[in-house]
Amino acid sequence: MADAVNSSAAAFRCRVTLQPAGGVGDKVFPPTCAGAVYAIEQRQIFDVDGKNPQTKTCVVLDSVQAQANRMEEALQAALDAGKIKVPVLSVDFTGLGLLDEVGRVTSLEAPHRVADAILRDSLHEGIAFRKSDLGKQLDAASLQNATPLYQLCPTALVFGIWDSTGPKGGLGAKFQRALTSEIIGVNAQVGKKTSSRIDPLGMRAAAKVIKKDGTYELASDKAPGAVSPSEVNHGNIPPDISNGGATIDYADQIIVLSLPALRRLRFPVDGKVTAERDTAARTVLVALALTSAALAAESGFDLRSRCLLWPTGPLTWELLKTPGQEPEKHVITSEVAIALLNEAVGQAEKLGLKWHGDPITLKPAPNLIALLKRSQEIAASTTEPSGT
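Attention here is on the structure that accompanies the text.

What counts, and where the lines are drawn
- Residues numbered from 1 in each chain as written.
- Predicted model: local features only at pLDDT ≥ 70, side-chain atom pairs only at ≥ 80, totals over all residues.
- Heavy atoms only, no water.
- Helix = DSSP H or I, 4+ residues; strand = E, 2+ residues; numbered from the N terminus.
- Buried < 20%, exposed > 50% of the residue type's maximum accessible area, 1.4 Å probe, protein only.
- Contact = heavy atoms within 4.5 Å.
- Areas by Shrake-Rupley, 256 points an atom, 1.4 Å probe, with all protein chains shown as cover.
- Lys, Arg positive; Asp, Glu negative; His and termini not counted.
- Charge placed at Lys NZ, Arg CZ, Asp CG, Glu CD.
- Salt bridge = Lys/Arg side-chain N within 4 Å of Asp/Glu carboxyl O.
- Axes fitted to C-alpha atoms, helices over the stretch in contact; angles between N-to-C directions.
- Parallel < 35°, antiparallel > 145°, perpendicular 65-115°, else oblique.
- Left-handed = near helix turned anticlockwise from the far one by under 90°.
- Nonpolar A, V, L, I, M, F, W, Y, C, P; charged D, E, K, R; others polar.
- Pairing = 2+ DSSP bridges.
- Phe/Tyr/Trp six-rings, centres within 6.5 Å; stacked < 30°, edge-to-face > 60°.
- Lys NZ or Arg CZ within 6 Å of the ring centre and 35° of its normal.
- Core = buried A, V, L, I, M, F, W, Y, C linked by side-chain atoms within 4.5 Å.
- Expected span 1.5 Å × (residues − 1).
- Arc of directions from axis to C-beta.

**Some points on the overall build of the protein chain**
So, step 1. The helix and strand tally for the protein chain stands at 10 helices and 20 strands.
So, step 2. With the C-alpha coordinates aligned to their principal axes, the bounding extent of the protein chain is approximately 80 × 60 × 35 Å.
So, step 3. Per-residue burial over the protein chain gives 42% buried out of 388 residues.
So, step 4. Sequence separation of at least 24 residues holds for 71% of the intrachain contacts in the protein chain that already meet a minimum separation of 6.
So, step 5. With the model as given, the accessible surface of the protein chain reaches about 20,800 Å², and the carbon-plus-sulfur share is 53%.
So, step 6. When the 41 basic and 42 acidic side-chain charges of the protein chain are each reduced to a single mean position, those positions are 4 Å apart.

**Comments concerning the pattern of salt bridges**
Pairing of side chains with opposite charge becomes possible as their charged atoms draw close.
So, step 1. Per the stated rule, a full pass over the model turns up 21 salt bridges.
So, step 2. Among the salt bridges present, the one from D62 reaches R70, with a minimum N-O distance of 2.5 Å.
So, step 3. Among the residues examined, D62 registers a relative accessible area of 1% and is labelled buried.
So, step 4. You can call R70 partly exposed: its relative accessible area is 26%.
So, step 5. A single network of salt bridges, built from pairs that share partners, joins R13, E318 and K329.

**As for the packing of helix α8 (residues 275-298) against helix α9 (residues 334-350)**
So, step 1. Orientation of α8 relative to α9, taken along the N-to-C sense of each, is 160°, at an axis distance of 8 Å. On the basis of the axis angle, α8 is roughly antiparallel to α9. Where α8 crosses over α9, the two elements pack in a sense that is left-handed. Mapping the contact onto sequence places A280, T283, V284, A287, L288, L290, T291, A294, L295 and E298 in α8 and S334, A337, I338, L340, L341, A344, V345 and A348 in α9.
So, step 2. Across the contact of α8 with α9, the residue classes break down as 14 nonpolar, three polar and one charged.

**Brief notes about the sheet that holds strand β5 (residues 104-106)**
So, step 1. The five strands lie next to each other as β5-β4-β20-β6-β7, forming an open sheet whose pairing is mixed. In this open sheet, the two edge strands, each paired with only one partner strand, are β5 and β7 (127-128).
So, step 2. Alignment of strand β4 (residues 89-92) against β5, held across three bridges, turns out to be antiparallel. Residue pairing for β5: D92 is matched across the bridge by R104.

**Quick notes on the packing of aromatic side chains**
So, step 1. Tallying each qualifying case throughout the model produces two aromatic pairs.
So, step 2. When the ring of Y150 is compared with that of F267, the centres are 5.7 Å apart and the planes differ by 70°; the resulting orientation is edge-to-face. One end of the pair, Y150, is in helix α5 (residues 147-152); the other, F267, is in the loop between α7 (259-263) and α8, and 117 residues separate them in sequence. An identical accessibility class is assigned to Y150 and F267; each is buried.
So, step 3. Taking the centre distance of 6.1 Å and the plane angle of 50° together, the rings of Y150 and W355 count as tilted. With Y150 in helix α5 and W355 in the loop between α9 and β20 (360-364), this pair connects stretches of sequence that are 205 residues apart.
So, step 4. With a relative accessible area of 0%, Y150 lands in the buried category.
So, step 5. Cation over ring: K174 sits above W162, and NZ or CZ is 4.4 Å from the ring centre.

**Brief notes about the nonpolar core**
So, step 1. Grouped together as the largest cluster of nonpolar side chains are 94 residues, with contacts concentrated most on L61, L149 and Y150.
So, step 2. If one sorts the elements of this core by residue count, α8 sits on top with 13 residues.
So, step 3. Setting aside its immediate chain neighbours within four residues, L61 contacts V28, P30, P31, I183, I184, G185, I248, A251, L303, R304, C307 and L309.

**Brief notes about the packing of helix α2 (residues 64-80) against α8**
So, step 1. Packing of α2 against α8 leaves a shortest axis separation of 8 Å and a crossing angle of 90°. The angle between the axes of α2 and α8 places the two elements in the roughly perpendicular class. Contacts between α2 and α8 involve R70, M71, A74, L75 and A78 on the former and, on the latter, L288, T291, S292, A293, L295 and A296.

**Points about α9**
So, step 1. For α9, which comprises 17 residues, the first-to-last C-alpha distance of 24 Å matches the rise-based estimate of 24 Å (1.5 Å per residue) to within 8%.
So, step 2. For α9, every residue scored as buried is listed here: S334, A337, I338, L341, A344, V345 and A348. The arc that holds the buried residues of α9, viewed along the axis, is 130°, so those residues lie on one side. More than 90 degrees from the buried face of α9, the exposed residues found are E335, E343 and K350.
So, step 3. Tucked inside the fold, the buried residues of α9 contact α5 and α8.
So, step 4. Phi turns positive, to about 90°, at G352, one or two residues after α9.

**Details of helix α10 (residues 366-381)**
So, step 1. Helix length check: α10 (16 residues) gives 23 Å between terminal C-alpha atoms against 22 Å at 1.5 Å per residue, within 8%.
So, step 2. For α10, the set of buried residues is L368, I369 and Q376. Taken end-on, α10 shows its buried residues confined to a sector of 100°, consistent with a single buried face. Turned more than 90 degrees away from the buried face of α10 sit P366, N367, L371 and S381, all of them exposed.
So, step 3. Each element contacted by the buried residues of α10 is listed here: α3 (117-120), β6 (122-124) and β20.

Structural data, given as structure tokens:
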């Protein structure tokens, strides 16, 4: 890996063909976007030899953002199982008397990683995180000084981060995604789905009720505010048909790890930069990226309800090293990737670049606790969708 990082190699890439777990032709359900629509677009699809392009309708089955979250989730699971060691910051929400327990949220689980507002609005040793000695280190992070992120949240250098919630606001440091992954369904034909509910109690719509204090009571037909029992989840729902699900020729996962993106990063220690240490740190990030992808693949492709996919082959990486030449191929399991990661981390430590070893636990600030409690109270008393 160090040779690849040091050379002019462009990327590690991986293409995985998947089929629905139910078999070829079984329907899958893509994620819905605002307006309950699928992300559908026309793409040029080539044969296995990279020839004969054809324009086909494709649907996004898992976006780049969702794939990053799944890979971080796989890292968190491996960390919890003691399989790997990766520095993370966690916010402890236990013991707060919440209506719905949150538990902990780590920098592998927060949407914006270490720059997420959840961490910003938490305390480290009683001090606002970004004003603490620990959090202030992030203020100095840049392409020329990626050391603070490497030590506290190296996954941010792999999956990207924009420190827009920090003290610099929109001028906060930006690090592009080095690792991207996406799963699309090829030649997608959107189908239909049916919905209905047969009430075993046979409730009739004419039996009116009045909602009251989170429950209801029987009402006369003409009573003000009287509503159908369906308003309190009783009664039949007539069969209905709407657009839903899609059949596809196959699904295609495309993973790309950009080596030039990692080569832009510098890792000074005590203000001094060395080429040897930069290479060691970049090698760690390559190993971390490969580990996250391998762990995610081995945890399965159960993307959501009725969207379980099955790969037709192993996770095979190609190293794009020399233009015009066939790429080198490597099958990398999580076991192999973790061994590479441990070796790379050890080599970086010898050069003075160490991950933060001790667990870092933050406590939510009082205003965050108050906001969370109020939000949960509203959620418990209404059917208002979250975030609106």
